[in-house]
Amino acid sequence: MVQNALADAGYPAHVLVACSGGPDSMALAAVAAYFARRGHVDGHPLTVGAVVVDHQLQEGSAQVAGAAVQALKELGLSPVDLRTVNVASTGMGPEAAARDARHGALEAAAKEHGAGAILLGHTLDDQAEQVLLGLARGSGTRSLAGMRPARGLLLRPFLGLRRADTLEICDVEDLEPWHDPSNSDPSFARSRTRVEVLPLLEEKLGPGVAESLARTASILQQDADYLEDVADRTFAELAERSGLEISLPEEALGELSPAIRFRVIAKAAADVGGQQPSYQRLLAAEALLRRHGSAGPVELPGGVSVYRLSLAELAQRDAAERRPGTPNGPGGGARVPREAARCGKLVFRPQKPPQE
């Protein structure tokens, strides 16, 4: 699996293993260390280092991180980089905040050490939990597609491997991994999914539920990629820029299939500095297309306002530009020719200008 992942990534010469000291990442480190001792993958030179991130979220985390560093050095990985991060308190939740801090540390380490890839130890069980959590939240295709085998520098070669397999690898390699107590803490939704929900589904529906959920993610990844590609092209064709604003012609938007229309609206919001809107907020923005006259604004996350500008108001703006003394009117300088608007528009505007 590691061999295939590195081949698909173009055989990077130097990679880092992200290791928490737990069974999954220690097993991955042991497999990567095998290729490091060989010095190549399929004849392509390879060196392997590691990064241990101490989130400082649990008592004794420094000791756990130190033990992981020592174990990785004994496996022969070099360099082994220990990074301590401060997890910011944000509205996104502790798990997401820790993930952002960790990814920032991993990317900084990769840049410093010239690594062409970072190996993550997520397993098939992690993927199944991700899909279940997405279902519980009522998420769309992107979320239900789960974690990607490869995204940028991040590679997940163990997504086809069960968690029990990583425990077996640790036993064979005489490794003593750390077992994170938060993985069984019922206060976390992911932990409840792992300890209670998936075992119950296996009991009531029969074995193979985790594999089926992971297979669903793989199928949806292909669908999500296709829809995103179509939405990217459509947004590029429709988006009209004016300063910090972006507008989309309502007639063209209305002719799109809903799957593409919602994605194009979300891309417009992101382009002016917003965050991914919830389905409810997207519905509210899309509903502006069915209003008569100018309407809105609808507030989207990340400080973005979207409103409908009617054809009549567009005509008034155009007439104002033609008046004497206006920048583009007679006596006010050369007017930039433009095609007359034939329909209203959805206009996306940041509520605050970007920080310098």
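Residues numbered from 1 in each chain as written. Predicted model: local features only at pLDDT ≥ 70, side-chain atom pairs only at ≥ 80, totals over all residues. Heavy atoms only, no water.

A. Spotlight on helix H2 (residues 23-38). In a regular helix each residue adds 1.5 Å, so 16 residues correspond to 22 Å; H2 covers 23 Å between its end C-alpha atoms and thus fits that length. Note on H2: the residue one or two positions beyond its end, Gly-39, has a positive phi of about 85 degrees. (Helix = DSSP H or I, 4+ residues; strand = E, 2+ residues; numbered from the N terminus. Expected span 1.5 Å × (residues − 1).)

B. Up close: the pattern of salt bridges. Overall, the coordinates contain 23 salt bridges when judged by the stated rule. Among the ionic pairs, Asp-229 bridges to Arg-233, the shortest N-O distance being 2.4 Å. Residue Asp-229 and its partner Arg-233 are both found in helix H9 (residues 209-238); the two are separated by four residues, about one turn of the helix. Residue Arg-233 is classed as partly exposed on the basis of its relative accessible area, which comes to 44%. (Salt bridge = Lys/Arg side-chain N within 4 Å of Asp/Glu carboxyl O. Buried < 20%, exposed > 50% of the residue type's maximum accessible area, 1.4 Å probe, protein only.)

C. Inspection of the side chain of Glu-129 at higher detail. Within the element layout of this structure, Glu-129 appears in helix H5 (residues 124-137). The class of Glu-129 is buried, set by a relative accessible area of 1%. Of the polar contacts made by the side chain of Glu-129, one reaches the side chain of Arg-163; its length is 3.2 Å. For Glu-129, the residues in contact, after removing those within four places along its chain, are Arg-163, Arg-190, Thr-193, Arg-194 and Leu-198. (Polar contact = N/O pair within 3.5 Å; in protein donor to acceptor, adjacent residues only side chain to side chain. Contact = heavy atoms within 4.5 Å.)

D. Representation of the nonpolar core in the model. Core analysis: the largest hydrophobic core is formed by 33 residues, its most contacted members being Leu-6, Val-17, Met-26, Leu-72, Leu-75, Leu-77 and Leu-119. Among the secondary structure elements, those contributing two or more residues to this core are helix H1 (2-8), strand E1 (14-18), H2, strand E4 (47-54), helix H3 (61-75) and strand E6 (117-119). Ranked by residue count, the leading element in this core is H2, at eight residues. Filtering out sequence-adjacent residues up to four positions away, Leu-75 remains in contact with Met-26, Ala-29, Ala-30, Ala-33, Arg-37 and Leu-175. The next biggest cluster of nonpolar side chains, apart from the first, holds 27 residues, and it includes Leu-256, Ala-266, Ala-269 and Val-272. (Core = buried A, V, L, I, M, F, W, Y, C linked by side-chain atoms within 4.5 Å.)

E. Spotlight on the sheet that holds strand E8 (residues 154-155). With mixed pairing, the six strands of this open sheet are ordered in space as E5-E4-E1-E6-E8-E7. Edge strands, defined here as strands with exactly one partner in the open sheet, are strand E5 (80-84) and strand E7 (150-151). In this sheet, E8 lies alongside E6 in parallel orientation, the contact comprising two bridges. Bridge pairing in E8 links Leu-119 to Leu-155. Across the sheet, H2 touches E1, E4 and E6, and the angle it forms with E1 is around 160 degrees. (Pairing = 2+ DSSP bridges. Axes fitted to C-alpha atoms, helices over the stretch in contact; angles between N-to-C directions.)

F. Just the packing of H9 against helix H11 (residues 258-271), in detail. Relative orientation of the contacting elements H9 and H11 amounts to 60 degrees, with a least axis distance of 9 Å. Here H9 lies oblique to H11, going by the angle between them. For the pair H9 and H11, the sense of crossing is right-handed. Along its contact with H9, which presents Leu-227, Glu-228, Val-230, Ala-231, Asp-232, Thr-234 and Phe-235, the element H11 presents Ala-259, Ile-260, Arg-263, Val-264, Lys-267, Ala-268 and Asp-271. (Parallel < 35°, antiparallel > 145°, perpendicular 65-115°, else oblique. Left-handed = near helix turned anticlockwise from the far one by under 90°.)

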